[in-house]
Amino acid sequence: MDLYTIIFYLFAVITLGAASIVVFSRNIVRAAFALLFAFFGVAGIYVFLLADFIAVTQLLIYVGGIMVLILFGVMLTNRQINVDAKTGTVQTLPAVFITAALAGTLVGIFWSADWKVSANMSTADKTAPQIGELLLTKYLLPFEVASVVLLVALIGAAMIARREKKP
Amino acid sequence: MQELLTYLQHPGLSHFLILSGLLFSLGLFAVLTRRNAIMVLMGIELILNAANINFVAFSRYVTTTLDGHVVAVFVIILAAAEAAIALAIILNIYQNFNTVNIDEINQLKD
C-alpha cells in the first residue's frame with residue numbers, strides 16, 4: 001500500500017462521503033456546504049488523473065462560481081421568517097430500488113470489463129498548452145459556440161430573474 | 001478475497017470508473033427523491049461531475065491525446081450556464097408560487 005493508493009482512497013472517500021451528505025441530509029444549507037467538499041474531492045481526483053488544468057478549472061468554476069450561485073438560490077428561496085430550511089423527499093422506495101440496481105450494474109460492468117488500457121499512457125506534465133492548442137484548432141467551432149452560449153445564458157438569466165412589476 | 005485485495009491496492013482505470021458510477025447513482029437518487037428544486041439541481045451537478053471523471057479517466061488511460069480534457073472543459077462551461085439559468089427560473093417560480101417544492105408546482109399559471 002503506497003502513498004499514491006492511500007491518497008487516492010482519501011479523495012475517493014471525501015468525494016463519496018460529501019456526496020452522500022448532499023443526498024441524504026435533510027438540511028438544505030448543510031447539503032449545499034457538503035456539495036462544496038464533493039467538488040473539492042473531484043478536483044483532487046482530477047489531479048490524480050494528471051489533469052491539472054481541469055482540476056484548477058473545477059476549483060475556479062464549481063467551487064468559486066456555481067457554489068455561490070446555489071447558496072444564493074438557497075437563501076433567496078427559503079422563507080426567512082419561519083426558518084424552514086428542511087426539505088422532504090418523495091417516492092423514496094422506488095428510487096432506492098432503481099438507484100441501487102443502476103449502481104450495481106455500473107459497478108459490475110466497470111469492474112468486470114476488460115478495458116483496453118493504452119500501453120503508452122499519456123504522461124504530459126503540462127496539459128494547459130495542449131488544451132489551448134486543441135481549443136483553437138480542432139475544437140474551434142465548439143469553442144466559439146460555447147462563448148455565444150455563455151453570453152445568451154448571462155442575458156437570459158438576467159431577463160428571467162428580473163422582478164416584473166405587476167400591472 | 002486475495003484477488004479483491006490485490007485489485008484494491010493498485011488504482012487503475014476501473015477504480016476511477018467505479019467512483020464515477022457511484023457518484024452518478026448518488027446524483028440520480030437526489031434528482032429522483034428530492035422535493036426542493038435546488039436539491040434537484042445539486043443532484044444534476046453531481047451527475048455532471050461523474051461524467052467528467054469518466055472523460056478525464058479515459059483520456060488518461062486509453063488515449064494519448066487530450067480530447068477528453070477538452071470535452072470536460074465544455075461540460076464545465078455548460079454546467080455553469082445551466083446553473084445560472086436554472087436558478088433564475090427557480091427564483092421566478094418562487095416569486096409566483098411562493099414555494100420551490102416541485103411536487104406542489106402543478107399549474108402553468110397561478
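Note that this is a predicted model, so its numbers are computed, not measured. All chains use their own residue numbering, which begins from 1 and follows the written sequence. Each chain gets a letter, beginning with A, and each ligand a number, beginning with 1, in the order they are written. Local features in a predicted model are, by the rule used here, given only for residues with pLDDT of at least 70; side-chain atom pairs are given and counted only at 80 or more, and totals for whole chains, interfaces and linings are based on all residues.

Chemist: Please clarify how the overall build of chain B should be interpreted in this entry.
Modeler: A count of helical and extended segments in chain B gives four helices and zero strands. Strands here are runs of E lasting at least two residues and helices are runs of H or I lasting at least four, both read from the DSSP assignment and numbered beginning at the N terminus. Along its sequence from the N terminus, chain B presents helices and strands in the succession α-α-α-α. In terms of overall dimensions, chain B has C-alpha extents of about 60 × 35 × 15 Å along its principal axes. Counting other C-beta atoms within 10 Å of its own, a residue is labelled buried from 20 upward, exposed at 12 or fewer, and partly exposed in the gap between, with every C-beta atom placed from the backbone. In chain B, which comprises 110 residues, the proportion classed as buried is 50%.

Chemist: Please explain the interface of chain B and chain A as it appears in this structure.
Modeler: How big an interface is tends to be stated in terms of accessible area lost as the parts join. In this description, a residue-residue contact is defined by the distance between C-beta atoms placed from the backbone, which must lie within 7 Å. Between chain B and chain A, the residue contacts involve 62 residues of the former and 72 residues of the latter. Where the side of chain B that touches chain A is concerned, the elements lending two or more residues are helix 2 (13-33), helix 3 (37-61) and helix 4 (67-97) of chain B. For this classification, the nonpolar set comprises Ala, Val, Leu, Ile, Met, Phe, Trp, Tyr, Cys and Pro, the charged set comprises Asp, Glu, Lys and Arg, and every other residue, Gly included, is treated as polar. Taken together, the residues that form the side of chain B that touches chain A break down as 44 nonpolar, 12 polar and six charged.

Chemist: Honestly, the domain arrangement of chain A in this entry has me stumped. Any pointers?
Modeler: Boundaries of every domain are those given by an automatic assignment or by a domain database. For chain A, the domain assignment lists domain 1 (1-80) and domain 2 (124-167). One C-alpha centre belongs to domain 1 of chain A, the other to domain 2 of chain A; they are set 22 Å apart.

Chemist: Can you help me understand the packing of helix 1 (residues 3-24) of chain A against helix 2 (residues 28-48) of chain A in this one?
Modeler: Packed helices, taken two at a time, are described by their axes: the angle between them and the distance between them. Residues and elements named next belong to chain A. At a minimum axis separation of 8 Å, helix 1 and helix 2 run at an interaxial angle of 155°. Considering the angle they form, helix 1 stands roughly antiparallel to helix 2. As helix 1 runs across helix 2, the sense of the crossing is left-handed. Contacts between helix 1 and helix 2 involve Phe8, Phe11, Ile14, Thr15, Ala18, Ala19, Ile21 and Val22 from the first element and Arg30, Ala31, Ala34, Leu35, Phe37, Ala38, Gly41, Val42, Gly44, Ile45 and Phe48 from the second. Here the residues of the contact of helix 1 with helix 2 sort into 15 nonpolar, three polar and one charged. Axis geometry follows a simple rule: fit a line to the C-alpha atoms, using only the stretch in contact for helices, then measure angles between N-to-C directions, giving values from 0 to 180 degrees. Convention used here: angles under 35 degrees read as roughly parallel, angles over 145 as roughly antiparallel, angles from 65 to 115 as roughly perpendicular, and any remaining angle as oblique. For any helix crossing, the convention is left-handed if the near helix is rotated counterclockwise from the far helix by under a right angle, and right-handed if that rotation is clockwise.

Chemist: In this structure, what is going on with the nonpolar core? I would like to understand it.
Modeler: The tendency in soluble globular proteins is for nonpolar side chains to be buried as a group. Defined on buried residues, the nonpolar core groups Ala, Val, Leu, Ile, Met, Phe, Trp, Tyr and Cys residues joined through C-beta atoms within 7 Å. Grouped together as the largest cluster of nonpolar side chains are 67 residues, with contacts concentrated most on A:Val22, B:Ile38 and B:Met42. Here this core gets 13 residues from one element, more than from any other, and that element is helix 3 of chain B. Not counting the four nearest positions on each side in its chain, B:Met42 is found in contact with A:Val22, A:Ala31, A:Leu35, A:Ile70 and B:Ala30.

Chemist: Would you mind going over the confidence of the model for chain B with me for this structure?
Modeler: One number per residue, pLDDT, summarises how confident the predictor is, and it ranges from 0 to 100. Scored by pLDDT, chain B comes out at a mean of 88, with 98% of its residues at no less than 70. At the low end of the mean pLDDT range in chain B sits helix 1 (residues 2-9) of chain B, at 80; at the high end sits helix 2 of chain B, at 93.

Chemist: Please clarify how helix 6 (residues 140-161) of chain A should be interpreted in this entry.
Modeler: In an α-helix, one full turn covers 3.6 residues, which means residues spaced three or four apart are oriented alike. In this analysis, the expected span of each helix is defined as 1.5 Å times one less than the number of residues it contains. Here helix 6 of chain A spans 32 Å end to end across 22 residues, near enough to the 32 Å set by a 1.5 Å rise per residue. Among the 22 residues in helix 6 of chain A, one count as buried, and that is only a small part of the element.

Chemist: Explain the environment of B:Ser25 here, please?
Modeler: Residue placement: B:Ser25 occurs in helix 2. C-beta crowding within 10 Å serves as the criterion here: with 25 such atoms nearby, B:Ser25 is assigned to the buried category. In this structure B:Ser25 touches A:Thr99, A:Leu102, A:Ala103 and A:Leu106, once residues within four positions along its chain are discounted.

Chemist: Explain helix 4 of chain B to me, please; I cannot follow it from the model alone.
Modeler: Over its 31 residues, helix 4 of chain B runs 44 Å from end to end, which matches the ideal 45 Å to within 8%, given 1.5 Å per residue. At the C-terminal side of helix 4 of chain B, B:Asn98 shows a positive phi close to 65°.

Chemist: What am I meant to see in the environment of A:Ala12 here?
Modeler: All names here are of chain A. Within the secondary structure, Ala12 sits in helix 1. You can call Ala12 buried: it has 21 C-beta atoms within 10 Å. Counting along the chain gives 30 residues from Ala12 to Val42, while the straight-line C-alpha distance between them is 8.0 Å.

Chemist: So what exactly am I meant to see when it comes to unusual backbone geometry here?
Modeler: When glycine is set aside, most residues are seen to have a negative phi, and most peptide bonds are trans. One non-glycine residue, A:Leu50, lies in the positive phi region at around 60°. Mapped onto the secondary structure, A:Leu50 falls in the loop between helix 2 and helix 3 (52-77). In this structure, B:Asn98 is a non-glycine residue whose phi angle is positive, near 65°. Residue position: B:Asn98 is located in the segment after helix 4. Look at B:Asn98 and you get exposed, because 11 C-beta atoms sit within 10 Å.

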